[in-house]
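So you can see what is in the structure, the chains are spelled out below.
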Amino acid sequence: MIKVSVIGATGYAGAELLSILQRHPQVEIAHITSESHTGKKIAELYPHLNGIYNLTLESLQDIQEIGMDSDFIFIALPHGHAMDVGKMLEIFPVRIIDLGADYRFDNTEIYEQWYGVKHTHKNAPRVYGLAEIYREDIRTAKIIGNAGCFTTASILALAPLVRHRLIEFDSIIIDAASGVSGAGRSPKLGNHFPELYDNFKAYNVAHHRHTPEIEQVLENLGGEKIVLNFTPHLVPMSRGILATCYAKIKENVTASTIDAAFSKMYGNEKFIRLLGRGAYPETKFVRGSNYCDIGWHIDERTNRVIVLSAIDNLVKGAAGQAVQNLNIAAGFEESTALDIVPFYP
């Protein structure tokens, strides 16, 4: 049994974490925090947790006490805040899983450029938290920078093609559509029901902050510089991401070679379901689960491969992935608490 705390428990990702951890037989929730709701019960803010959690939200002012009383801390705060927590806890043996962006980048200058925030914990020992690619590094990591939601769907779709160098690296284009929960719980005009309903839109074209994160991991896999186009879209649903990834196929690469690359990389992965060539993943088929469904198509006319991947942005794209990383780092069975059947319809 290990003691776990959640910093920023009142956002959608924090609440999803609590829901998943409630099923974990080897985890005890020690502390949960919220600066805006300190002193309240978590069930006051999330009535679906009524009768499940009787925990009171604490303040970050007690972070060192929380750190001493925890084996692992999940940080579910907006970017720019986790690195301050990490600095305050660096002398303690507690391990950190950050669901934000502060510890995702090897090069903190790239983080500063894209996020507009000075990085205050540049030398922190950290590992990128995408289990299917960095599993061995995660096992012993002090700080795990949980992969982003768009990045998870996109990287998992493209990784076999890049690792086996089956595509032209300068031809990658990603279109990805997300449910509105990815924007967080705080109300914004663009998330207001009359604005969102019956609408479909792109945003942050050529400037989305997940772009360099995707490039970083694909560069590590492919061994050379990658610059790609990433365009996010918002759809009027609460959960889910569907990523559509395009790339030009290298000369003499066959469809069967592409099929084999996906099977070789993911054939034994618990949470990646390969639907195969010609398949169409859908967000509803992974809703509420930690699965990533992947299908791919070969366009012989344009000599392109088109890969589709679907995840639940709050589970495999956030809280579920964080628990998967916890299980690896703590030495538990990787699927513990994550054997969640997608809820349907």
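What counts and what doesn't
Residues numbered from 1 in each chain as written. Predicted model: local features only at pLDDT ≥ 70, side-chain atom pairs only at ≥ 80, totals over all residues. Heavy atoms only, no water. Helix = DSSP H or I, 4+ residues; strand = E, 2+ residues; numbered from the N terminus. Rg over C-alpha atoms; globule rule 2.2 N^0.38 Å. Buried < 20%, exposed > 50% of the residue type's maximum accessible area, 1.4 Å probe, protein only. Contact = heavy atoms within 4.5 Å. Areas by Shrake-Rupley, 256 points an atom, 1.4 Å probe, with all protein chains shown as cover. Lys, Arg positive; Asp, Glu negative; His and termini not counted. Charge placed at Lys NZ, Arg CZ, Asp CG, Glu CD. Pairing = 2+ DSSP bridges. Core = buried A, V, L, I, M, F, W, Y, C linked by side-chain atoms within 4.5 Å. Salt bridge = Lys/Arg side-chain N within 4 Å of Asp/Glu carboxyl O. Phe/Tyr/Trp six-rings, centres within 6.5 Å; stacked < 30°, edge-to-face > 60°. Polar contact = N/O pair within 3.5 Å; in protein donor to acceptor, adjacent residues only side chain to side chain.

S.K.: Please give an account of the overall build of the protein that cites residues and values.
M.R.: Within the protein, the regular secondary structure consists of 11 helices and 14 strands. Computed over C-alpha atoms, the radius of gyration of the protein comes to 20 Å, within 12% of the 20 Å expected from 2.2 N^0.38 for 345 residues, which places it in the range of a compact globule. With respect to the three principal axes, the spread of C-alpha positions in the protein is 60 × 45 × 40 Å. Residue burial in the protein is summarised as follows: out of 345 residues, 57% are buried. Put simply, of all contacts in the protein between residues at least 6 apart along the chain, 70% involve residues at least 24 apart. In the form shown here, the protein has an accessible surface area of approximately 14,900 Å², with 49% of it arising from carbon and sulfur atoms. Between the centroid of the 32 positive side chains of the protein and the centroid of its 39 negative side chains there is a distance of 2 Å.

S.K.: I'd love a proper account of the pairing of strand S6 (residues 126-129), names of residues and values included.
M.R.: Two elements, S6 and strand S7 (residues 143-146), share four bridges in a ladder whose sense is parallel. Across the sheet, Arg126 pairs through a bridge with Ile143, a residue of S7.

S.K.: Explain the nonpolar core residue by residue, including any values.
M.R.: Formed by 90 residues in total, the largest nonpolar core has its most connected members in Leu21, Phe74 and Ile172. Here the element with the most residues in this core is helix H7 (residues 149-163); it accounts for 10 residues. Leu21 has contacts with Val4, Val6, Val27, Ile29, Tyr53, Phe74, Val323 and Leu326, leaving out every residue within four places of it along the chain.

S.K.: Give me the lowdown on the sheet that holds strand S8 (residues 173-178), citing residues and values where you can.
M.R.: The strands making up a sheet are joined through hydrogen bonds of the backbone, oriented either antiparallel or parallel. Read across the sheet, seven strands follow the order S9-S10-S8-S11-S14-S13-S12 without closing on themselves; strand pairing throughout is mixed. Every other strand in the sheet has two partners, leaving strand S9 (201-202) and strand S12 (272-277) as the edge strands with one partner each. Note that strand S11 (residues 241-248) and strand S14 (residues 304-311) share eight bridges and pair antiparallel. Each residue of the ladder has a partner; that of Thr244, found in S14, is Leu308.

S.K.: So what's going on with helix H1 (residues 12-21)? Which residues, and what values?
M.R.: Here H1 lies mainly inside the structure; eight of its 10 residues are buried. Those residues of H1 that sit buried are Ala13, Gly14, Ala15, Glu16, Leu17, Leu18, Ile20 and Leu21. On its buried face, H1 is in contact with strand S1 (2-7), strand S2 (27-33), helix H2 (42-45), strand S4 (72-75) and helix H11 (315-330).

S.K.: So what about the pattern of salt bridges? Which residues, and what values?
M.R.: Tallied over the full model, the rule gives 14 salt bridges. Here Glu269 ties to Arg135 by a salt bridge, and the two come within 2.8 Å at their closest N and O atoms. Placement of the pair is Glu269 in the loop between helix H10 (255-266) and S12 and Arg135 in helix H6 (residues 131-138), with a sequence separation of 134 residues. Judged by its relative accessible area of 17%, Arg135 falls in the buried class. Ionic pairing is found between Asp339 and Lys270, a salt bridge with its closest N-O pair at 3.1 Å. Of the two residues, Asp339 is situated in the segment after H11 and Lys270 in the loop between H10 and S12; the sequence distance between them amounts to 69 residues. In the salt-bridge network here, residues are joined through shared partners; they are Glu16, Arg239 and Asp312.

S.K.: Tell me about the environment of Met1, and name the residues and values.
M.R.: With respect to the helices, strands and loops of the structure, Met1 is situated in the segment before S1. Measuring from C-alpha to C-alpha, the distance between Met1 and Lys188 comes to 40 Å, with 187 residues separating the pair along the chain. Setting aside residues no more than four positions away along its own chain, Met1 makes contact with Pro25, Gln26, Val27 and Glu28.

S.K.: Explain the packing of aromatic side chains residue by residue, including any values.
M.R.: Counting across every chain of the model gives nine aromatic pairs. Ring geometry for Phe105 versus Tyr115: centroids 6.2 Å apart, planes at 70°, classification edge-to-face. Of this pair, Phe105 sits in the loop between strand S5 (95-98) and helix H5 (108-115) while Tyr115 sits in helix H5; the two residues are 10 residues apart in sequence, bridging distant segments of the chain. Phe105 gets classed as buried once you look at its relative accessible area, which sits at 3%.

S.K.: Can you explain the environment of Gln216? Please cite residues and give values.
M.R.: Following the sequence through the fold, Gln216 ends up in helix H9 (residues 211-222). The exposure class assigned to Gln216 is buried, which follows from its relative accessible area of 11%. A sequence separation of 109 residues divides Gln216 from Asn107, and the C-alpha atoms of the two residues are 9.2 Å apart.

S.K.: An account of the side chain of Ser289 is needed here, citing residue identities and associated values.
M.R.: Within the secondary structure, Ser289 is located in the loop between S12 and strand S13 (292-299). Within polar-contact distance, the side chain of Ser289 engages the backbone oxygen of Val286 at 2.7 Å. At 3.2 Å, the side chain of Ser289 and the backbone nitrogen of Tyr291 are in polar contact. Setting aside residues up to four positions removed in sequence, Ser289 forms contacts with Asp312, Val315, Lys316, Ile340 and Pro342.

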